[in-house]
Amino acid sequence: MNPQAKLIFATSLLLGSTITISSNHWIMAWAGLELNTLAILPLISKSHHPRAIEAATKYFLVQAAASTLVLFSSMTNAWQTGQWDITQLTCPTSCVILTAAIAMKLGLAPFHFWFPEVLQGCSLTTGLVLSTAMKFPPITLLFMTSQSLNPILLTSMAILSAALGGWMGLNQTQTRKILAFSSISHLGWMAIIIIYSPKLALFNFYLYAMMTAAVFLTLNSIKTLKLSTLMTTWTKTPALSAMLMLTLLSLAGLPPLTGFLPKWLIIQELTKQEMAPVATIIALLSLLSLFFYLRLAYCATITLPPHTTNHMKQWYTNKPVNTSVSILVTMSITLLPLSPLILTIV
């Protein structure tokens, strides 16, 4: 792709996200979301492969439908209350429609079917943008309207997301699809807490974005799209493969690592809200996700490929690892001891 065109699309993405995040008026938020959608489409379809074109078409149709619902929800609310302010969403019908619209934007179950397909059709760097930056504006809209959302609806969608994200990722062999289902189950954790502690949901999103960015950039640097090639990369960059294993276990939420912090805080907050059964269910459902993270980690570091495989072992490389990968991986592994400091900031 032409560097100038890439710069225009990247700037448009930044501008669209900034407009949505900083707006108080529904029409401005909707315009920012539309700008985001139109800017990411050329980045998804830049390879001109039929699967990339299919992914871009699916993404466009789903996002257009979600944007229509956002506009319809805000218009219904304005008709009932005379308010276009985002924080003044008081009409119950508008709240339900908006929840469905944001769920479609995010890929939250039961509106999650497009996300793994779209992620599978684009490159790892575009997949990273779709999994992190593109989810930030819809999450901020949920954050701003959190006091008027329906708790039963959001809790049901959150548990369904955690269950489906874990269950459907079990038999995948493509790393991008596995990360897509990982994203769906993480969104379940954010959705379940956004009504009771919106700041905690945003904090969870920041940590999720950091860990996912570390995994995507690591996979991009070792050029791995499938589990079968992941098995042969340990000879190429042994240190990076070991760090990838730890980052994946952090995404799974295992205790000594950074990913344990948001899960611990969310379970604690749910217990305070007298929702211990819900906390137990979502904690048990995260074990499904843990299985495929362990599978990825196992393929990345511990296994030797079987002798029947057609893949050759890759040459060891002395090429230095990208600085951003090093910083993100380090933060994804070591932030748990700093949790008291982080909590005072949050």
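The rules behind each value
- Residues numbered from 1 in each chain as written.
- Predicted model: local features only at pLDDT ≥ 70, side-chain atom pairs only at ≥ 80, totals over all residues.
- Heavy atoms only, no water.
- Domains from an automatic or database assignment.
- Contact = heavy atoms within 4.5 Å.
- Buried area = accessible area lost by both parts, 1.4 Å probe.
- Salt bridge = Lys/Arg side-chain N within 4 Å of Asp/Glu carboxyl O.
- Polar contact = N/O pair within 3.5 Å; in protein donor to acceptor, adjacent residues only side chain to side chain.
- Helix = DSSP H or I, 4+ residues; strand = E, 2+ residues; numbered from the N terminus.
- Nonpolar A, V, L, I, M, F, W, Y, C, P; charged D, E, K, R; others polar.
- Buried < 20%, exposed > 50% of the residue type's maximum accessible area, 1.4 Å probe, protein only.
- UniProt positions renumbered as here; feature names shortened; annotations may be inferred.

Peer 1: Got a minute to help me understand the domain arrangement of the protein in this structure?
Peer 2: Frequently, the measure chosen for interface size is the accessible area that the parts lose on association. As assigned here, the protein comprises domain 1 (1-119) and domain 2 (150-345). If you average the C-alpha positions of domain 1 and of domain 2, the two centres end up 25 Å apart. On the domain 2 side, the residues contacting the 14 residues of domain 1 number 18 residues. Overall, the association of domain 1 and domain 2 removes approximately 1,400 Å² of surface from exposure, summing both partners, and the carbon and sulfur fraction of that is 81%. Area buried by domain 1 at its contact with domain 2 is led by Leu108, Pro116 and Leu119, which between them contribute 38% of it. Here domain 1 and domain 2 share one salt bridge between them. For the salt bridge of Lys177 with Glu117, the shortest nitrogen-to-oxygen distance reads 3.6 Å. At the junction of domain 1 and domain 2, the tally comes to one residue pair in polar contact (both at pLDDT 80 or more). Breaking the side of domain 1 that touches domain 2 down by element, the ones donating at least two residues are α4 (92-106) and α5 (114-121). When grouped by side-chain class, the residues that make up the side of domain 1 that touches domain 2 number 10 nonpolar, three polar and one charged.

Peer 1: What's the story with the pattern of salt bridges in this structure? I'm lost.
Peer 2: Pairs can form between side chains of opposite charge once their charged atoms are near each other. As enumerated under the stated definition, the model contains three salt bridges in all. In this structure, Lys58 engages Glu117 in a salt bridge whose closest nitrogen and oxygen atoms are separated by 3.9 Å. Residue Lys58 is located in helix α3 (residues 50-81), and its partner Glu117 is located in helix α5; the two are separated by 59 residues in the primary sequence. What makes Glu117 partly exposed here is its relative accessible area of 34%. Taken together, the salt bridges that share partners define one network made up of Glu54, Lys58, Glu117 and Lys177.

Peer 1: Help me understand the UniProt feature "domain: NADH:quinone oxidoreductase/Mrp antiporter transmembrane" (unreviewed entry) in the protein in this model?
Peer 2: With numbering aligned to this structure, UniProt lists the feature "domain: NADH:quinone oxidoreductase/Mrp antiporter transmembrane" (unreviewed entry) at residues 23-288. The span residues 23-288 carries 74% helix and 0% strand; its end-to-end C-alpha distance comes to 38 Å.

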